[in-house]
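# Remarks on the overall topology
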Amino acid sequence: ANANANANANAEADSSRGLVFFVHGGAWGSGMPWMYRLIAKPILEARIAVAVVGYRTFPDGNVQDQMDDLEAAAKMLHTKFPHLCQRRADVDVDVTEQDHDKDQDQDQDWAGVNLIGHSSGAHIAMMTLVE
C-alpha cells in the first residue's frame, strides 16, 4: 500500500494527550496531506501529537484501496509510536478480571487516538472503522 503518514510527534507533545489521526479531504480524487499542514499547528500547540495521513486518490486507487492505505498508516503509527496510541493517563478505565480479554486490550491500544477527517477523508476514515 502507498500509505503516507507524516507524524509530527515533536518533543513538546505530551504522550498522555494521545494522537490526532487526521485524514485529508479532496473528493476522493485529489488532495494531499501537505495541503492540510496548517491543521497540525494548533494541535501541536496544545501539546498533542498529530499525523496528517494521506491515501491513494482516484484514479490511482478506489475507496477500498484508500481504506487499505489508512489501515496501513494506522498500523505504522501504532508500531512507531505505541505510547501515543494507547490509553491516555487521564482516562480511567475500570476493567475487572472477568471482563478483561484480548479484545479489550486491543481497544485500549487505540484509546489515545482521536480520528478526524475532512470531507472525503472523514468518509474514508469512518468506512475504515466500520470495516
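This text gives an overview of the structure that appears in the document.

What counts and how
- Residues numbered from 1 in each chain as written.
- Predicted model: local features only at pLDDT ≥ 70, side-chain atom pairs only at ≥ 80, totals over all residues.
- Heavy atoms only, no water.
- Helix = DSSP H or I, 4+ residues; strand = E, 2+ residues; numbered from the N terminus.
- Buried < 20%, exposed > 50% of the residue type's maximum accessible area, 1.4 Å probe, protein only.
- Contact = heavy atoms within 4.5 Å.
- Areas by Shrake-Rupley, 256 points an atom, 1.4 Å probe, with all protein chains shown as cover.
- Phe/Tyr/Trp six-rings, centres within 6.5 Å; stacked < 30°, edge-to-face > 60°.
- Patch = residues over 30% accessible without salt bridge, like charges linked within 9 Å, V, L, I, M, F, W, Y side chains within 5 Å.
- Salt bridge = Lys/Arg side-chain N within 4 Å of Asp/Glu carboxyl O.
- Pairing = 2+ DSSP bridges.
- Right-handed = clockwise from strand over helix to strand, strands pointing away.

### Observations concerning the overall build of the chain
- Assigned secondary structure in the chain consists of five helices and four strands.
- Here the chain, with 131 residues, has 33% of them falling under the buried criterion.
- Look at the contacts in the chain between residues 6 or more apart in sequence, and 77% of them connect residues 24 or more apart.
- Of the roughly 7800 Å² of accessible surface on the chain, a fraction of 52% belongs to carbon and sulfur atoms.

### With respect to the packing of aromatic side chains
- If you walk through the whole model with that rule in mind, you get one aromatic pair.
- Geometrically, the ring pair formed by F22 and Y36 is tilted, given 5.6 Å between the ring centres and 40° between the ring planes. You can see F22 sitting in strand 2 (residues 19-23) and its partner Y36 sitting in the loop between strand 2 and helix 1 (37-45), a full 14 residues away along the chain.
- Residue Y36 is classed as buried on the basis of its relative accessible area of 18%.

### Some words on a nonpolar patch on the surface
- A surface patch of nonpolar side chains, about 350 Å² in accessible area, is lined by M32, W34 and M35.
- Assignment of secondary structure puts W34 in the loop between strand 2 and helix 1.

### Remarks on the side chain of T57
- Mapped onto the fold, T57 is located in the loop between strand 3 (49-54) and helix 2 (63-80).
- With a relative accessible area of 14%, T57 lands in the buried category.
- What T57 contacts, discounting residues up to four positions off in sequence, is H24, W28, G29, S30, G31 and Q66.

### Looking at the pairing of strand 3
- Of all six residues in strand 3, six are buried, a share of seventy percent or more.
- The side-chain alternation of strand 3 yields two buried faces, one formed by A49, A51 and V53 and the other by V50, V52 and G54.
- Relative to strand 3, strand 2 runs parallel, the two sharing five bridges. Bridge pairing links V20 to V50 in strand 3.

### Topic: the pairing of strand 2
- Counting buried positions along strand 2 yields five of five residues, so the element is predominantly enclosed.
- Neither face of strand 2 is left uncovered, since the one carrying L19, F21 and V23 and the one carrying V20 and F22 both have all their residues buried.
- Regarding topology, helix 1 serves as the crossover connection from strand 2 to the parallel strand 3, and that connection is right-handed.
- Two strands pair when backbone bridges link them, and strand 2 and strand 4 (residues 113-117) are joined in this way by five bridges, in the parallel orientation. Note that in strand 4 the partner of F22 across the bridge is I116.

Read these as layout, nothing more, since geometry by itself doesn't imply function.
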